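Chains, contacts and geometry: an overview
Listed below are the residues making up each chain.
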Amino acid sequence: MMNETLKTIYARRSVRAYKPEQITDDELETVLKAGEYAPSANNQQSQLFVAIQKKALLDELAALGMKVKNADSSPYYGAPTVILVFAKAGCSEPFADGCLALENMFLAAASIGLGSCWINCGKHIFATDEGKALKKRLGVGDDYITVGSCILGYPAQELGEAAPRKDDYVIYIK
């Protein structure tokens, strides 16, 4: 059984090389809307997204990421859009809520021809004093935990085939 949703799920790949041009406002809104419609525990909708396209802020975020990872290159792979995902700490399952929103955004991006990738260095960035100051400047309160980031852009190369799936994903009990 195959439909467009399943085709998107099976075809989506993490993209780590992007063209320099910015995605359109409509594309960004489509991806963000998909994140808004993600399930959340008890429908608490604990997720909060910060969509960054401003070059100076992307450079600052990349510099912080390189510092915490002790790396020579940006952990955001030069993507022109970064969506930081936070979730309200006091909710039932804030980390799971944020993860579900990220997956919805990845699938939405793939369905409209955008590349995306999960970037996980935010939890390290926003644990530093510089990161805490940046989080405050972004308007995110201390009552929000860092979940992860979705980078977006137009892929700079063809997407490869899926890696083979392991054989023991499922235990059937009938």
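Predicted, not measured: the structure shown is a model, and the values here were computed from it.

Brief notes about the pairing of strand β2 (residues 81–88)
- Among the eight residues in β2, seven count as buried, and that is most of the element.
- Here six bridges tie strand β1 (residues 47–52) to β2, and the two strands are oriented antiparallel to one another. When the sheet's bridge partners are listed, I52 is paired in β2 with V82.
- When β2 meets strand β4 (residues 144–153), the two strands line up antiparallel, connected through eight bridges. Counterpart to K88 in the pairing with β4 is Y144.

Let's talk about the sheet that holds strand β3 (residues 115–119)
- Strands sit in the order β1-β2-β4-β3 across an open sheet of four strands; the sheet is antiparallel. Each of the sheet's edge strands pairs with one partner strand only, and the pair in question is β1 and β3. Along the sheet, successive strands turn relative to each other by an average axial angle of 25°, direction set aside.

What to know about the UniProt feature "domain: Nitroreductase" (unreviewed entry) in the chain
- Under the feature "domain: Nitroreductase" (unreviewed entry), the UniProt entry names residues 9–154.
- With 42% helix and 20% strand, residues 9–154 has its two end C-alpha atoms placed 18 Å apart.

A look at the pattern of salt bridges
- Across all of its chains, the model carries five salt bridges by this definition.
- A salt bridge links E60 to R137, with the nearest nitrogen and oxygen atoms 2.8 Å apart. A residue pair is termed long-range when its members are at least 10 positions apart, and E60 in helix α3 (residues 55–69) and R137 in helix α6 (residues 129–137) qualify at 77 residues.
- E130 serves as the salt-bridge partner of K67, at 2.6 Å between the closest nitrogen and oxygen. One end of the pair, K67, is in helix α3; the other, E130, is in helix α6, with 63 residues separating them in the sequence.
- By relative accessible area, which is 42% here, E130 ends up partly exposed.

What counts, and where the lines are drawn
- Residues numbered from 1 in each chain as written.
- Predicted model: local features only at pLDDT ≥ 70, side-chain atom pairs only at ≥ 80, totals over all residues.
- Heavy atoms only, no water.
- Buried < 20%, exposed > 50% of the residue type's maximum accessible area, 1.4 Å probe, protein only.
- Helix = DSSP H or I, 4+ residues; strand = E, 2+ residues; numbered from the N terminus.
- Pairing = 2+ DSSP bridges.
- Axes fitted to C-alpha atoms, helices over the stretch in contact; angles between N-to-C directions.
- UniProt positions renumbered as here; feature names shortened; annotations may be inferred.
- Salt bridge = Lys/Arg side-chain N within 4 Å of Asp/Glu carboxyl O.

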